[in-house]
Each structure stands twice: as structure tokens, then as C-alpha cells.
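The primary structure of each chain is shown beneath.
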Amino acid sequence: MTFRGWRLDKTDGVFNCALTDLDEAEMMEGDVTLDVQYSTINYKDGLAMTNAGPVVRRWPMVPGIDFAGTVTSSEHRDFKAGDAVVLNGWGVGEVHWGGLAEKARVRGDWLVPLPKAFTPAQAMTIGTAGYTAMLCVMKLQDHGVVPQDGDVLVTGAAGGVGSVAVAILASLGYRVRAATGRESDASYLKELGAAEIVPRAELSEKGRPLGKERWAGAVDAVGSHTLANVLAQTKYGGTVAACGLAQGADLPSTVMPFILRGVTLAGVDSVMCPKPVRLKAWQRLGECLPLSKLEAITSTVGLAEARRVAEDIMAGKVRGRVVVEISGNADASVS
Ligand code: NDP
């Protein structure tokens, strides 16, 4: 039996990415098999599908770090045929065949039940970007950052993680400053709940070890000089949740924000995040995410368009979220 899906190959150093027939017999080990209904294009999928970064560590690979689907067969105690489930991370799309295909086989331990608050399409509107944004907000809250402390900054604000972080923080009553290189998108970010736009250039160049205290907390999806400047301008006792590297993986900072202002740099990882925290994040998303705002910034494409979107995301042309509808005619375009 075959099914349609994207296949990434590297033979003698030559990379290939094609929508093709995949053989069920070739699927990787797992105790749950599913029909994938929706996936998304995350930054990491962009890296994988364009061979722009060392995301894929096993060949051939099916990309797609997240998906929502329906169980077709299960040997796992928690799942049975017909169950609706969501998967984020765990190396899927990197070392284990991922979600940009009509079928997936994974370990049941990696799955969470589809939250009651969401349809499969809505769960992927949120996707790994949104679930990571929720983890970042939870990190700020765990470290005691409350709206009364002052503004909270979100960097990479018009991207997937950033957009959802802006929406969640605003709905929780924080005054949100959105740092973006796309100042023409100010109205988009204000619709999501941003109170103020910070031009990306204010943060992206080498800065001073400490600056004026501007925010009580931050969600950083960008890294590099941006994260260094965000730390240098965080208020006494504030917390910065760092999850991304859109500008770079380096952190050209000093210890000054930590030793003179007691600033906390809190790391956020969605991939290996323990299941209880995942379940909590999805529950919190159901409680505090203004879904209609998120749906307004989401576009849906067919499986055949995934590669084009991957190229767009790497070129910084994607705003908000892109859902990939898998069910239906896999080779047709949705939009
Ligand atoms: P997107 O591509 O959707 O968004 C990234 C945003 O970063 C862009 O929209 C842009 O925001 C900003 N940006 C891009 N290039 C630069 C640059 N050179 N300098 C400054 N800002 C830049 O990606 P996602 O939101 O999906 O992911 C964001 C980051 O988070 C990525 O690095 C990703 O790998 C990481 N990530 C990490 C996870 C984890 O588990 N830790 C999980 C998910 C994502 P704007 O247009 O507003 O300027």
C-alpha cells in the first residue's frame, strides 16, 4: 500500500525534496498508526524542506514536525482506532517520519489527545508555533511576571511563535510591545493585541551590556544580538523566555543583566518537553487563546504547496500561520 507524502533524500551529498508515493512497508517503527488530517509549515520544516539547516538527521525523511490526525490502529494502551490526536516535536520530521504525508506511524507516548476546545484544523492553526508560544508565556508566569509589572516584549512578532505569543499575552491582560522588521504590518500586530510596535532595527545590532529598563518580561524567537539587547533592557527581576534563533544561534551578551538586575533567562524547548507540561500547555491554550484572532492570520494550503511555503518561510515572507490540509486530493492546491 502506498500513500502520498513529501520525501527528503540525500544521496552522495545531493539533496532532493519531492511529493511522491510512500510505501507503508517503509514506515518507521511505532505503536500507533494514523491518518494525518492537518499539518503545518514551521520554521524548522522550512529549514528541512529547503536543506537550509541540519534539521534532518536520517534519510530518507518525511518532513513535518507536527500534525493532527485520527488513529487507524494502535497497540498503545492510551489510544484506539478513531481517536483524534495531536503531535508536536519528539524529533518527528527530523529523525522519525513526520506529518507532511497522508499517514504517520509514531510512538503513542508522543501523542496527546486532541484538546476538546479545538477541531483538528484549529489545533494545527495553533501548531508547534502556538504551543511553543504558550510554553513561553507559562515560563514568564512561572517566574512571576504579571501585567502589573510593566510591558512585555515579543520579538519576531509577525512570525508564527511571535503572533500567537502577542495574542495570548494581550488576552491575559499584558501590555504587549511587538518587535518586528515588518513595520508595515503594524495594524496586523495591533489587531492581535499589540499596544506598541518596536522596530526590529532597535534591537538587532550590537548593543551595550545594560540599557534603559523597558520591559518586565519578553518572549524571544530571534536570539543573537536581539536577545542580548532584550536582556540588557529587561527591568530589575524580569524574565526573558528564549525559544528561537531566527537572527542567529549566538548570544553576544554579558553577565550584567543577570548579576546587576537579577534578570532570568529561561529556555523553552517544545520538542522534548515532558508530557504533563504539554498537556497543561494545550489546556491553557484552550482557556486563553483568542482563536478567532488566530484564525484571521492563518492561511490553508494543500499538501502539494508545502514546499513553496517552506521556501517562503525561509525568505521571511510568511506572516502568521500556515496550515497544510492533508486529507482530500494531496496533489491539488487549496488556495
Ligand atoms: P517564523 O519564520 O514564522 O518567524 C520568525 C520571525 O523572526 C520572522 O517572522 C521575523 O519576525 C523574525 N526574524 C526573521 N529573521 C530575522 C532576523 N534576521 N533578525 C531579526 N528577526 C528576524 O518562525 P517561527 O515563529 O515558527 O519560529 C521562530 C523561531 O523559534 C525559529 O528560530 C524556530 O526555530 C524557533 N522555534 C523553537 C521552538 C522550540 O521548541 N524552542 C519551537 C518552535 C519554533 P518579524 O517579521 O516580525 O520581524
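## Quick look at the sheet that holds strand β10 (residues 194-199)
Read from one edge to the other, the open sheet built from 6 strands follows the order β10-β9-β8-β11-β12-β13, with strand pairing classed as parallel. Each of the sheet's edge strands pairs with one partner strand only, and the pair in question is β10 and β13 (264-267). Taking each pair of neighbouring strands and ignoring which way they run, the sheet shows an average axis angle of 20°. Here strand β12 (residues 234-242) runs beside β13; their pairing, made up of 4 bridges, is parallel. What sits directly across from Ala 242, in β13, is Gly 267. Strand contacts of helix α2 (residues 120-142): β8 (152-155), β11 (215-220), β12 and β13, with the helix running at about 150° to β12, the strand carrying the most contacts. Sheet strands in contact with helix α6 (residues 224-232) are β8, β11, β12 and β13, and its direction is about 150° off that of β12.

## Some thoughts on the site of the ligand
Every one of the 24 residues lining the ligand counts as a neighbour, but Val 161, Thr 180, Gly 181, Arg 182 and Ser 270 are closest to it. Take Gly 160: an N or O atom from its main chain is 2.9 Å from an oxygen atom of the ligand. Here the ligand has 910 Å² of accessible area as a free molecule, and 86% of this is covered by the chains. Contributing elements (two or more residues each) for the shell around the ligand: α3 (160-171) and β9 (176-180). A breakdown of the residues in the shell around the ligand according to their chemical character gives 12 nonpolar, 9 polar and 3 charged.

## Here's the deal with α2
With 23 residues, α2 should cover 33 Å at 1.5 Å per step; its first-to-last C-alpha distance of 29 Å lies more than 12% under that length. Approximately 65° is the largest bend angle found in α2, and it occurs at Gly 127. For α2, a buried count of 19 out of 23 residues is recorded, marking the element as mostly surrounded by other parts of the structure. In the stretch just after α2, Gly 144 is the one whose phi turns positive, near 80°.

## What about the packing of aromatic side chains?
As enumerated under the stated definition, the model contains 3 aromatic pairs in all. When the centroid spacing of 6.2 Å and the interplanar angle of 75° are considered together, the rings of Phe 15 and Trp 59 count as edge-to-face. Placement of the pair is Phe 15 in strand β2 (residues 14-23) and Trp 59 in the loop between α1 (43-50) and β4 (66-74), with a sequence separation of 44 residues. Judged by relative accessible area, which is 31%, Trp 59 ranks as partly exposed. Seen from their ring centres, Tyr 131 and Trp 282 are 6.3 Å apart, and the 10° between their planes marks the pair as stacked.

## Notes on the packing of α2 against α3
Between α2 and α3, whose axes approach to 8 Å, the crossing angle comes to 50°. The orientation of α2 relative to α3 falls into the category oblique. When the axes of α2 and α3 are compared, the crossing they make is right-handed. Where α2 approaches α3, its residues Ala 129, Gly 130, Thr 132, Ala 133, Met 134, Val 137 and Leu 140 are matched on the opposing element by Gly 160, Val 161, Val 164, Ala 165, Ile 168 and Leu 169.

## Some thoughts on the domain arrangement of the chain
One frequent convention defines the size of an interface as the accessible area lost when the parts assemble. Assigned domains of the chain: these are domain 1 (2-114 + 297-325) and domain 2 (128-267). Using only C-alpha atoms to locate each centre, domain 1 and domain 2 end up separated by 29 Å. Across the boundary between the two partners, domain 1 contributes 12 residues, which contact 14 residues of domain 2. Roughly 950 Å² of surface becomes buried between domain 1 and domain 2 when both sides are summed, with 55% attributable to carbon and sulfur atoms. Joining domain 1 to domain 2, the criterion identifies 1 salt bridge. In this structure, Arg 319 and Asp 185 form a salt bridge, with 3.1 Å as the shortest nitrogen-oxygen distance. Along the contact surface separating domain 1 from domain 2 lie 7 residue pairs in polar contact (both at pLDDT 80 or more). The class makeup of the residues in the side of domain 1 that touches domain 2 is 4 nonpolar, 4 polar and 4 charged.

## Thoughts on the packing of α1 against helix α10 (residues 306-314)
Contact geometry of α1 with α10 gives a least axis separation of 8 Å together with a crossing angle of 110°. In this view, α1 runs roughly perpendicular relative to α10, as classed from their interaxial angle. Mapping the contact onto sequence places Tyr 43, Asp 45, Gly 46, Leu 47, Met 49 and Thr 50 in α1 and Ala 306, Arg 307, Ala 310, Glu 311, Ile 313 and Met 314 in α10. Taken together, the residues that form the contact of α1 with α10 break down as 7 nonpolar, 2 polar and 3 charged.

## Observations regarding a nonpolar patch on the surface
Nonpolar side chains collect at one region of the surface, where Leu 251, Val 255, Met 256, Phe 258, Ile 259, Leu 260 and Leu 265 lie side by side and expose about 590 Å² of accessible area between them. Take the nonpolar patch: its biggest share by element is 4 residues, from helix α7 (residues 256-261). Along the chain, Leu 251 falls in the loop between β12 and α7. The partly exposed category is assigned to Leu 251, whose relative accessible area is 38%.

Definitions and limits used
Residues numbered from 1 in each chain as written. Predicted model: local features only at pLDDT ≥ 70, side-chain atom pairs only at ≥ 80, totals over all residues. Heavy atoms only, no water. Pairing = 2+ DSSP bridges. Helix = DSSP H or I, 4+ residues; strand = E, 2+ residues; numbered from the N terminus. Axes fitted to C-alpha atoms, helices over the stretch in contact; angles between N-to-C directions. Contact = heavy atoms within 4.5 Å. Near = heavy atom within 4 Å. Polar contact = N/O pair within 3.5 Å; in protein donor to acceptor, adjacent residues only side chain to side chain. Areas by Shrake-Rupley, 256 points an atom, 1.4 Å probe, with all protein chains shown as cover. Nonpolar A, V, L, I, M, F, W, Y, C, P; charged D, E, K, R; others polar. Expected span 1.5 Å × (residues − 1). Bend = angle between axes of the 7 residues up to and from the residue. Buried < 20%, exposed > 50% of the residue type's maximum accessible area, 1.4 Å probe, protein only. Phe/Tyr/Trp six-rings, centres within 6.5 Å; stacked < 30°, edge-to-face > 60°. Parallel < 35°, antiparallel > 145°, perpendicular 65-115°, else oblique. Left-handed = near helix turned anticlockwise from the far one by under 90°. Domains from an automatic or database assignment. Buried area = accessible area lost by both parts, 1.4 Å probe. Salt bridge = Lys/Arg side-chain N within 4 Å of Asp/Glu carboxyl O. Patch = residues over 30% accessible without salt bridge, like charges linked within 9 Å, V, L, I, M, F, W, Y side chains within 5 Å.

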